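Structural characterization, general
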Amino acid sequence: MLGIIPVRENMFWIGMNDHETDLFESIWPLPRGVSYNSFLVRGEKIAVIDAVKSNFIAAYTDKIRALLPPGGSVDYLIVNHMEPDHSGALKAMRGIFPDMKIVGNKKTAEFIRDFYGIADNVISVDDGSSLDLGGFKLKFFLTPMVHWPETMVTYEETQKVLFSCDAFGGFGALDNRIFDDESDLVYFENEILRYYSNIVGRYSNMVQRAIDKLKDLEIAVIAPSHGPIWRKNPAHIIALYDRWSRHETEEGVVLVYASMYGNTCRMMEAISQSLAEEKMEKVRVHDISRSHVSFVLVDIWRFRGMILGSPTYNTKLFPPMQSLVHILENEEVRNRFIGVFGSYSWSKGAVNALHEFACCGRLTLVEPVVEAKCAPTAADLEQCRLLGKNMAQMVRR
Ligand code: FEO
């Protein structure tokens, strides 16, 4: 049947590709869609691991039915994570398969009750406990806050498949090429970093704990609930996640600015010119009024240097820059060099706010801090050039 893809014998991808949702979580753009990966494991008992968003129930349950024996049912729905991009189909599935047991942990059970009003036939598992399907054996590991408190992963012991839910997942629909060895990994790795920096990065320390907890498992396949299934090189995606969650960065600078009438833009251009003169190869410039923060975060997460510039707006940061700074504070972005610049006309504010953020203790400020009154003078622009030069030197160390 269309849209059913074997992962291993009697283990199938039954996910859905979403090309209709414009904004994931109503925030993050989906220019090339997203997949909700779901899996059916057909042992003597039948388990579905992670479900899909509620919009896809009809097509999704058709796939499940196509894999059931005549008169058969789903015995278990394993809920690794309760965010409704995965649990949205849960209530409808219970209606279609009334005897289906729902498997999660204590926190999952609380969310199932509170989201869907379901409390019966819910099995609560502990960290390290197992479920024998007859021919397949599922083992559960709690990985709280990767991405919600109830998040867990499921490891199938006979085939060594790790169903990791949000962890190792990314944006981008799969469209029938579900495996890493048949995917455009340049595209997907960027989309996985976008998912990480937009959604999971806030919990990097918990990602580190999860990686440590799972480090002794022999893993042949990583099957996340978004993005490609890693059967050729699962170690690669683990290594990337390890890097990102350690806040390890690469040489390069992201320059994010806002400008209402071009004056702060001229300061940005002086910094940019200086970075070019310093032969800084990887430089990304974003006008925060026009680049969606989702894509800005990817570059901030990737590069060692970040320079933020803003005009003053009603004595504060320009609102789109304020929003970016708020997100960076919330994500506790760290281990990066930061430079700040900006302008004001009748009242200061923006540069003070950026400077305060830069001195939060998680970042290293690169001097000089540059502030222009109204339009930048030649001396201001020279200071901007010095900031670019100093930043280039710092990120190269
Ligand atoms: Fe893919 Fe946190 O949900």
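Accessible area lost during the coming together of the parts is what is often quoted as the interface size. Domains assigned within the protein chain are domain 1 (5-245) and domain 2 (253-392). Placing a centre on the C-alpha atoms of domain 1 and another on those of domain 2 gives a separation of 38 Å. Counting from both sides, the interface comprises 14 residues of domain 1 and, opposite them, eleven residues of domain 2. Regarding the contact of domain 1 and domain 2, the summed buried area is about 1100 Å², with carbon and sulfur atoms giving 60% of it. Summed over the three residues of domain 1 that lose the most area to domain 2, namely Leu193, Ser197 and Arg202, the buried surface amounts to 43% of that side. Between the two partners, domain 1 and domain 2, sit zero salt bridges.

Time to look at helix H7 (residues 234-245). With twelve residues, H7 extends 17 Å from end C-alpha to end C-alpha; this agrees with the ideal 16 Å at 1.5 Å per step. Every buried residue of H7 is listed here: Pro234, Ile237, Leu240, Tyr241, Trp244 and Ser245. Considered in projection along H7, the buried side chains sweep an arc of 125 degrees and stay on one side of the axis. Those residues of H7 that are buried lie in contact with helix H5 (185-200), helix H6 (204-214), strand S16 (221-224) and helix H9 (293-302). The positive-phi residue at the C-terminal boundary of H7 is histidine 247, with phi of around 60 degrees.

Bringing empty space enclosed by the protein into the picture now. All told, the structure shown has one cavity of 30 Å³ or more when counted by the stated rule. Looking at the largest cavity, its volume works out to about 70 Å³. Around the largest cavity, the lining residues are Thr143, Val146, Val153, Ser164, Ala167, Phe168, Val207, Ala210, Ile211, Leu214 and Tyr241. The greatest single-element share of the lining of the largest cavity, amounting to four residues, is contributed by H6. Its residues assigned to classes, the lining of the largest cavity shows nine nonpolar, two polar and no charged.

Conventions we followed
- Residues numbered from 1 in each chain as written.
- Predicted model: local features only at pLDDT ≥ 70, side-chain atom pairs only at ≥ 80, totals over all residues.
- Heavy atoms only, no water.
- Domains from an automatic or database assignment.
- Contact = heavy atoms within 4.5 Å.
- Buried area = accessible area lost by both parts, 1.4 Å probe.
- Salt bridge = Lys/Arg side-chain N within 4 Å of Asp/Glu carboxyl O.
- Helix = DSSP H or I, 4+ residues; strand = E, 2+ residues; numbered from the N terminus.
- Expected span 1.5 Å × (residues − 1).
- Buried < 20%, exposed > 50% of the residue type's maximum accessible area, 1.4 Å probe, protein only.
- Arc of directions from axis to C-beta.
- 1 Å grid on protein atoms, 1.4 Å probe; cavity = no way out; pocket = protein on both sides within 12 Å on 5 of 7 lines; lining within 4 Å.
- Points joined across faces, edges and corners; volume = space filled by probe spheres on them.
- Nonpolar A, V, L, I, M, F, W, Y, C, P; charged D, E, K, R; others polar.

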